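# Notes for the structure review
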Amino acid sequence: MICPKALKKGDTIGLISASGATPPEKLQPAIASIEKLGLNVVVGETCHARHGYLAGTDDLRVADVHRMFGDPMIDGVFCIRGGYGATKILAQLDFDLISANPKVFAGYSDVTALHIAFNQLCGFVTYHTPMPSTEFIRQEMDDYTWQSFIQLIMENERKAYYLKNPSHQPMSTLVAGSASGQLIGGNLTLVTASLGTPYEIDTRGKILFLEDIDETEQRVDRMLTQLKLAGKLDDVAGILLGAWTNCEPENPAHSLSLQTIFQEILVPLGKPIIADLACGHCLPTMSLPLGRTIKMDADNQRIHVNG
């Protein structure tokens, strides 16, 4: 896997949305939040556009992705937000253009669709990170989240380091053991949506990270079951579970807890599983290097990014 050149102060970021439309009142604060890091910003047309719930038409969103990767003056590409729509443009993307110009690419949630495609089809590391119009501008944005993000994009060539939760948020072990493999995944809904498409996630021998938001336990159960029936969970070397924000039952008296679902679907796989990573639709949240090789020690809840 190619590790894109680390960003430095004075570099230029291409800001785009491959997914949902950006509320106009959030655009300038989002730009300012990036500039405070010492980075310049080129704003893509998709940050101003709206096509229903999308940040412009599919053609416009494709053009923005191509423009930012094809322009040699752009050093990195940040997705301003998630929402929905990244999956819709996959078939139109020029992966030869993108793979010829590997750059720091950052975002999460719906952006998972692009992470999977860029990792597998373009062969470079991408970054599961908070985003400018959703986390960067929130009052709750904390030092841990900032430092995790900054270190990942500006020191991404570090040979070895540990992924650590905030000190007051311990990880937990669902299945003991250790495993090594390429870190992949992201949002459970988007990972599941890749199945049966040319952009289907390849989990063979890899460490699968999963998180989600606003999904009931029943829907989480359904998606994990689909991944299992597709053989994707049998193929993994290990599993990391992040935040499950607002994933609460519609009828608690007639529901299973997430813990029960994990125990019934994931634990019998016998693969090492670390849960409660501070990562996902939450603050604080860590940033993850998707595509890097990691070693997970579930016995001691340690996650080491290898050189």
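Along each chain, numbering runs from 1 in the same order as the chain's sequence is written. The model is predicted, so local features are restricted to residues of pLDDT at least 70 and side-chain atom pairs to those at 80 or more, both for listing and for counting; the totals for chains, interfaces and linings are taken over all residues. Excluded from the side-chain calculations are hydrogens and water; all other atoms, namely the structure's heavy atoms, are used.

A separate point is the overall build of the chain. Secondary structure assignment for the chain yields ten helices and 14 strands. Just to be clear, the radius of gyration here is over C-alpha atoms, and the globule rule we use is 2.2 Å times residues to the power 0.38. A compact globule built from 307 residues would reach a C-alpha radius of gyration of about 19 Å, and the chain, at 18 Å, matches this within 12%. Projected onto its principal axes, the C-alpha coordinates of the chain cover approximately 50 × 40 × 40 Å. Burial classes: relative accessible area under 20% of the type maximum marks a residue as buried, over 50% as exposed, and values in between as partly exposed (1.4 Å probe, protein chains only). Split into buried and exposed, the 307 residues of the chain put 56% on the buried side. Residues are treated as being in contact if the distance between any of their heavy atoms lies within 4.5 Å. The long-range fraction of contacts in the chain, counting pairs at least 24 apart against all pairs at least 6 apart in sequence, stands at 80%. Per-residue accessibility takes into account occlusion by the displayed protein chains alone, with areas from the Shrake-Rupley method and a 1.4 Å probe. Per element, the accessible surface of the chain, about 12500 Å² overall, is 49% carbon and sulfur. For the chain, the centre of its 25 positive side-chain charges and the centre of its 34 negative side-chain charges are spaced 5 Å apart. By definition, any uninterrupted DSSP run of H or I lasting at least four residues is a helix, any uninterrupted run of E lasting at least two residues is a strand, and each is numbered from the N terminus. For the purpose of counting charges, residues Lys and Arg are taken to be positive, whereas Asp and Glu are taken to be negative. His and the chain ends are not included. Think of each charge as sitting on NZ of Lys, CZ of Arg, CG of Asp or CD of Glu.

This next bit is on helix α2 (residues 58-70). Taking 1.5 Å of rise per residue, the 13 residues of α2 would be expected to cover 18 Å, and the 18 Å separating its terminal C-alpha atoms lies within 8% of that figure. Considered for burial, the residues of α2 that qualify are Arg61, Val62, Asp64, Val65, Met68 and Phe69. All buried residues of α2 project into a common sector of 160 degrees when viewed along the axis, lining one side. Contacts made by the buried residues of α2 are with β1 (12-16), β2 (40-43), β3 (76-79), α3 (95-99), β4 (104-107) and α4 (112-122). A helix is expected to reach a length of 1.5 Å times the quantity of its residues less one. Note: the arc covers the axis-to-C-beta directions of the helix.

Another point: the environment of arginine 50. Secondary-structure assignment places arginine 50 in the loop between β2 and α2. Taking the C-alpha atoms as reference points, arginine 50 and threonine 22, 28 residues apart in sequence, are found 7.9 Å from one another. Discounting chain neighbours no more than four positions away, the residues touching arginine 50 are Ala21 and Gly56. A 3.5 Å cut-off defines polar contacts: any pair of N or O atoms within that distance qualifies, except that in protein one atom must be a possible hydrogen donor and the other a possible acceptor, and neighbouring residues in sequence count only when both atoms are side-chain atoms. Side-chain polar atoms of arginine 50 contact the backbone oxygen of glycine 52, separated by 3.0 Å.

What follows deals with the pattern of salt bridges. The term salt bridge refers to a pairing of a side-chain nitrogen on Lys or Arg with a carboxyl oxygen on Asp or Glu at a separation within 4 Å. Following the criterion strictly, the structure yields nine salt bridges and no others. Two residues, aspartate 58 and lysine 88, come together in a salt bridge whose shortest N-O distance is 4.0 Å. Residue aspartate 58 is located in helix α2, and its partner lysine 88 is located in the loop between β3 and α3; the two are separated by 30 residues in the primary sequence. Glutamate 215 is the salt-bridge partner of arginine 219, the closest N and O atoms lying 2.7 Å from each other. Take arginine 219: its relative accessible area is 28%, and that puts it in the partly exposed class. A network of salt bridges, in which partner residues are shared, links Asp58, Arg61 and Lys88.

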